[in-house]
Amino acid sequence: VQQWPAVINILENSGGVRGVSVSPDGRWIVAGSWDKTVRVWDAATGVQQSVLEGHTHQVTAVAISPGGQWIVSGSWDQTVRVWDAATGVQQSVLEGHTERVTSVAVSSGGRWIVSGSNDKTVRVWDATTGVQGSVLEGHTVGVTEVAVSPDGRWIVSGSNDKTVRVWDAATGVQQLLKGHTDRVTALAVSLDGRWIVSGSEDSTVRVWDAASGVQQVVLQGHTSRVTAVEVSADKLIIKSTNDFGVSIRWRTSTWKRVDGHFDDDFDSNYTDSDSDDDSDGNTDNYAVSCGTPGPPTTTALPCRLATAAGAMSADVAWTPASTPGNCTSMPLY
């Protein structure tokens, strides 16, 4: 937010933004609007670059292809539309949903588009041809959120029916994740594809094992609907935001709240140097990825490291000169 003050000012005062997405290179921001348009802004200057017109009702969701070449939008007009990001020209209209489209996502390879709708279905579209592929049915009321695993092997959906469902992208076979006590309003998948994170109208954030569907933890701290969830690339931190714009960061090694300084890019290099108020009475540790830049000190600090596979190590002694080969094991806190 601090990097785009001009754009944030525009979004906050527009009175009708329903979905926002940032280009992979961070240079432009796309938003859907109540006025039936999709708008594109320069992220640095806040200058509006283009207005994409074609929808006949409110635009409720937007997504950007991994390469940034095209924009996807979903609308209450029951359509999904694909736009050339450079020219703003509408490339295709994907028709099939029978009620409002509520969410859209693009696979990491950019091969297909996924959409969710109040018609209770999740639909998969060929991104190049616009041809509808699978229609995933199972939710008992409208679909609110969709996401795609990084490897493209499965699709995740959340619904007003309070469930999260995981679908095999090839076969359409579904796995049901139950736990939320109100509608699901946010979804994310970890970069390694092992975790699904969901937020809900019940004010909780839940973490699920993607392979087994087992609920790992329930994170409680918000006092209103959770509208967005994110997982850091190294899985050290989960960030959740409620509908008042209040964000909480959770340390995944302890599943406790973290208060401290974070990089604006929400990457793996973060520090937490506040006084610990946890019941165990220990001092907060630093958490970094082994071998990457860390706290500006030459003193060995207790920290927890993430391997390339995303697994967490025991606490180790770490200094800026350390490498994975010379970290010294220490007892867990």
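It should be noted that the structure appears before, not after, this text.
Heads up: these notes are all about the structure in this document. (Residues numbered from 1 in each chain as written. Predicted model: local features only at pLDDT ≥ 70, side-chain atom pairs only at ≥ 80, totals over all residues. Heavy atoms only, no water.)

1. Quick notes on the packing of aromatic side chains
How two aromatic rings sit relative to each other is set out by the distance from centre to centre and by the angle between their planes. Throughout the structure, instances matching the rule amount to two aromatic pairs. Aromatic pair Trp34 and Trp76: ring centres 5.7 Å apart, planes at 85°, arrangement edge-to-face. Separated by 42 residues along the polypeptide, Trp34 in the loop between strand 2 (28-33) and strand 3 (37-42) and Trp76 in the loop between strand 6 (70-75) and strand 7 (79-84) bring together distant segments of the chain. Overall, Trp34 belongs to the partly exposed group, its relative accessible area being 38%. Given a relative accessible area of 19%, Trp76 falls into the buried group. (Phe/Tyr/Trp six-rings, centres within 6.5 Å; stacked < 30°, edge-to-face > 60°. Helix = DSSP H or I, 4+ residues; strand = E, 2+ residues; numbered from the N terminus. Buried < 20%, exposed > 50% of the residue type's maximum accessible area, 1.4 Å probe, protein only.)

2. Details of the sheet that holds strand 12 (residues 132-137)
One open sheet accounts for four strands, arranged 9-10-11-12; its pairing is antiparallel. For this open sheet the edge positions go to strand 9 (101-106) and strand 12, each flanked by a neighbour on one side alone. Between one strand axis and the next, the sheet turns by 20° as a mean value, whatever way the strands run. As paired strands, strand 11 (residues 121-126) and strand 12 are joined by four bridges and run antiparallel to one another. Across the sheet, residue Arg123 finds its bridge partner in strand 12, namely Val135. (Pairing = 2+ DSSP bridges. Axes fitted to C-alpha atoms, helices over the stretch in contact; angles between N-to-C directions.)

3. Describing the nonpolar core
Core analysis: the largest hydrophobic core is formed by 14 residues, its most contacted members being Val197, Val205, Val207, Leu219, Val229, Val231 and Ile238. The set of elements that each furnish at least two residues to this core consists of strand 17 (184-189), strand 18 (195-200), strand 19 (204-209), strand 20 (215-220), strand 21 (226-231) and strand 23 (247-251). No other element matches the three residues that strand 21 contributes to this core. Not counting the four nearest positions on each side in its chain, Val205 is found in contact with Val197, Ser198, Val217, Val218, Leu219, His222, Val226, Val229 and Ser240. In this structure, Ala61, Ala63, Trp70 and Leu94 belong to the second largest nonpolar core, which totals 13 residues. (Core = buried A, V, L, I, M, F, W, Y, C linked by side-chain atoms within 4.5 Å. Contact = heavy atoms within 4.5 Å.)

4. Examining unusual backbone geometry
Located in the positive-phi region is Lys120, a residue other than glycine, with phi close to 80°. Along the chain, the position of Lys120 falls in the loop between strand 10 (112-117) and strand 11. With phi around 75°, Ser203 is a residue other than glycine that occupies positive phi space. Mapped onto the elements of the fold, Ser203 is located in the loop between strand 18 and strand 19. Judged by its relative accessible area of 14%, Ser203 falls in the buried class.

5. A short note on the sheet that holds strand 4 (residues 48-53)
The antiparallel open sheet is built from four strands, whose spatial order is 1-2-3-4. Each having just a single partner strand, strand 1 (17-22) and strand 4 make up the two edges of the open sheet. On average, adjacent strands in this sheet sit at an angle of 20° to one another, irrespective of strand direction. Pairing of strand 3 with strand 4 involves five bridges; the strand directions are antiparallel. Bridging across to strand 4, Trp41 finds its partner in Gln48.

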